Amino acid sequence: MKFFDSLIDTVSDLFSSLEQKSFDKGEPWKDAGTNQVIMRRDTACELEGTGFNLVTSREISDGITVIGDDLGDIKDNRSFARISIVQIEDIGDEQKSYNLIKKIEYVKYHCFPDGFMMRSTSRSHKEAVRVSKTAVKNGIDFRSVGSLLINKYKENPAVKGVRILFITHPLANYEAAEKAACRNSEIAETLNHIMNSINFDCDTCNLKAICDEVEGMKELHFKRTN
Ligand code: SF4
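About the cut-offs
Every chain begins its residue count from 1, and numbering advances along the sequence as written. At least 70 in pLDDT is required for a residue's local features to be given in this predicted model, at least 80 for side-chain atom pairs to be given and counted, and no such filter applies to totals for whole chains, interfaces and linings, which use all residues. Processing note: side-chain calculations cover all non-hydrogen atoms of the structure and skip hydrogens and water entirely. We define a nonpolar core as any set of buried Ala, Val, Leu, Ile, Met, Phe, Trp, Tyr and Cys residues linked to one another through side-chain atoms lying within 4.5 Å. With a 1.4 Å probe rolled over the protein chains alone, any residue whose accessible area is under 20% of its type maximum counts as buried; one over 50% counts as exposed, and the rest are partly exposed. Under the scheme used here, helices are H or I runs from DSSP no shorter than 4 residues and strands are E runs no shorter than 2 residues, and both carry numbers assigned from the N terminus. Contacts are assigned to residue pairs with any non-hydrogen atoms lying within 4.5 Å of each other. Salt bridge criterion: a side-chain nitrogen from Lys or Arg within 4 Å of a carboxyl oxygen from Asp or Glu. If a single non-hydrogen atom of a residue is within 4 Å of a molecule or strand, that residue counts as near it. Gly counts as polar in this scheme, as do all residues outside two lists: the nonpolar Ala, Val, Leu, Ile, Met, Phe, Trp, Tyr, Cys and Pro, and the charged Asp, Glu, Lys and Arg. Multiplying 1.5 Å by the residue count of a helix minus one yields the expected span of that helix. Think of it this way: DSSP has to see at least two bridges between two strands before they count as a pair. Only the six-membered ring of Trp is used, alongside the rings of Phe and Tyr, when aromatic pairs are assigned; centres must lie within 6.5 Å, and planes under 30 degrees apart are stacked while those over 60 apart are edge-to-face, with the rest tilted. The convention used is that axes are lines fitted to C-alpha atoms, helices contributing only their stretch in contact, and that angles between N-to-C directions extend from 0 to 180 degrees. Should an angle lie under 35 degrees it is considered roughly parallel, over 145 roughly antiparallel, and from 65 to 115 roughly perpendicular; all remaining angles are considered oblique. Left-handed describes a crossing whose near helix is turned anticlockwise from the far helix by less than a right angle; the clockwise case is right-handed.

1. Here's the deal with the nonpolar core
- F3, F4, F15, I83, Y153, I167 and L191 are the most contacted members of the largest nonpolar core, which has 65 residues in total.
- Broken down by element, this core gets its largest block of residues, 9 residues, from helix α5 (residues 174-196).
- Aside from chain neighbours lying at most four places away, what touches F4 is L54, V55, I101, N184, I187, A188 and L191.

2. Section: the pattern of salt bridges
- A complete count under the given rule lists 20 salt bridges for this structure.
- Between D114 and K30 there is a salt bridge, and its shortest N-O distance comes to 3.9 Å. Here K30 lies in the loop between β1 (20-24) and β2 (43-56) and D114 lies in the loop between α2 (94-105) and β5 (116-120), a separation of 84 residues in the sequence.
- Look at K30 and you get exposed, because its relative accessible area is 57%.
- For the salt bridge of R183 with E213, the shortest nitrogen-to-oxygen distance reads 2.8 Å. Placement of R183 in helix α5 and of E213 in helix α6 (residues 208-213) is noted, with a sequence separation of 30 residues between them.
- Of the residues examined, R183 reaches a relative accessible area of 22% and is grouped as partly exposed.
- Ionic contacts of the salt-bridge type, sharing partners, join the residues R40, E46, R119 and R130 into one network.

3. Some thoughts on the site of the ligand
- Around the ligand, the surrounding shell consists of H193, I194, F200, D201, C202, C205, K208, C211, K218 and H221.
- Within the residue set of the shell around the ligand, elements represented by two or more residues are α5, α6 and α7 (217-225).
- For the shell around the ligand, the class distribution of residues is 5 nonpolar, 2 polar and 3 charged.

4. Structural notes on helix α4 (residues 142-153)
- Under the 1.5 Å per step criterion, the end-to-end length of α4 is 16 Å for 12 residues, consistent within 8% with the ideal 16 Å.
- Taken together, the buried residues of α4 touch β2, β3 (63-67), β4 (78-88), α2, β5 and β7 (159-167).

5. Topic: the pairing of β7
- Among the 9 residues in β7, 8 count as buried, and that is most of the element.
- Sheet topology note: the β4/β7 ladder contains 8 bridges and is antiparallel. Bridge pairing links Q87 to G161 in β7.

6. Digging into the packing of aromatic side chains
- This structure, assessed with the given rule, holds 2 aromatic pairs.
- Here F142 and F166 contribute two aromatic rings whose centre-to-centre distance is 4.4 Å and whose plane-to-plane angle is 15 degrees, an arrangement assigned as stacked. Highlighted residues: F142 in helix α4 and F166 in strand β7, separated in sequence by 24 residues. Of the two residues, F142 and F166, neither departs from the other in class, the shared state being buried.

7. Overview of the environment of F200
- Counting through the fold element by element, F200 comes out in the loop between α5 and α6.
- With a relative accessible area of 29%, F200 lands in the partly exposed category.
- Through-space distance from the C-alpha of F200 to that of N151 is 40 Å; in sequence the pair is 49 residues apart.

8. A short note on the packing of α2 against α5
- The contact between α2 and α5 brings their axes to 11 Å, and the two run at 135 degrees. Compared by their axis directions, α2 and α5 come out oblique. In this structure, α2 meets α5 at a crossing whose hand is left-handed. Here α2 contributes E94, Q95, Y98 and I101 to the contact with α5, which in turn contributes A188, L191, N192 and M195.
- When its residues are assigned to classes, the contact of α2 with α5 shows 5 nonpolar, 2 polar and 1 charged.

9. Points about the sheet that holds β1
- Spatial strand order, β1-β3-β7-β4-β2-β6-β5: 7 strands in an open sheet with mixed pairing. Pairing within the sheet leaves two strands with one partner each, and these edge strands are β1 and β5. Averaged over all pairs of adjacent strands, the angle between strand axes in this sheet comes to 20 degrees, irrespective of strand direction.
- As paired strands, β5 and strand β6 (residues 126-132) are joined by 5 bridges and run antiparallel to one another. By the bridge assignment, R119 is partnered in β6 with A128.
- Lying on the sheet, α5 is in contact with β2, β4, β6 and β7; it crosses β2 at an angle near 40 degrees.

In structure tokens form, the structure reads like this:
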């Protein structure tokens, strides 16, 4: 799976000039096991922005990268981005890889870090987080939340490595992060079209711009229609 690799490079470049801290996967934060509601009066901070996964077969070692303040240091509401770079085994079957991408997409709906309420919708890459005062008092940080999330991704044996970027830096380019999230969705949508379509007419196809840009897309559609 290499269709998202150039986007991974783009995203890595986006934040390379900002100070960042990287951690190995550590002790996971407690999983509340179910959806929680954190009331406004119990809220330490709210983070609002973009969250998405980039799937690859490149080797990725488990870890967490924090660009900007960690949870205990955030005193106000912030713009935010969460980008998970997920290594899957090279299955060599695009249909199976595509199904795997969809499964990976749903991991975030089954992860409930205690005192860290994540909200997002399945049709959008918008992601918002509310962090409770109690969780901050108990030492919640991105490393422990990320470690829990990595464990959830890796419940699927086809997931081999995960690096999660948490971005809260005031100077980060969140607009560009959102654009990358949109491009990620477009590539996934094009893959879906290729998997399900028997029509092959690039001149009239509204996905042509993506196929012209992402190496291997057209070849994949040719392969499936021959
Ligand atoms: S290969 Fe051509 S027909 Fe297939 S999705 Fe891409 S542009 Fe459309």
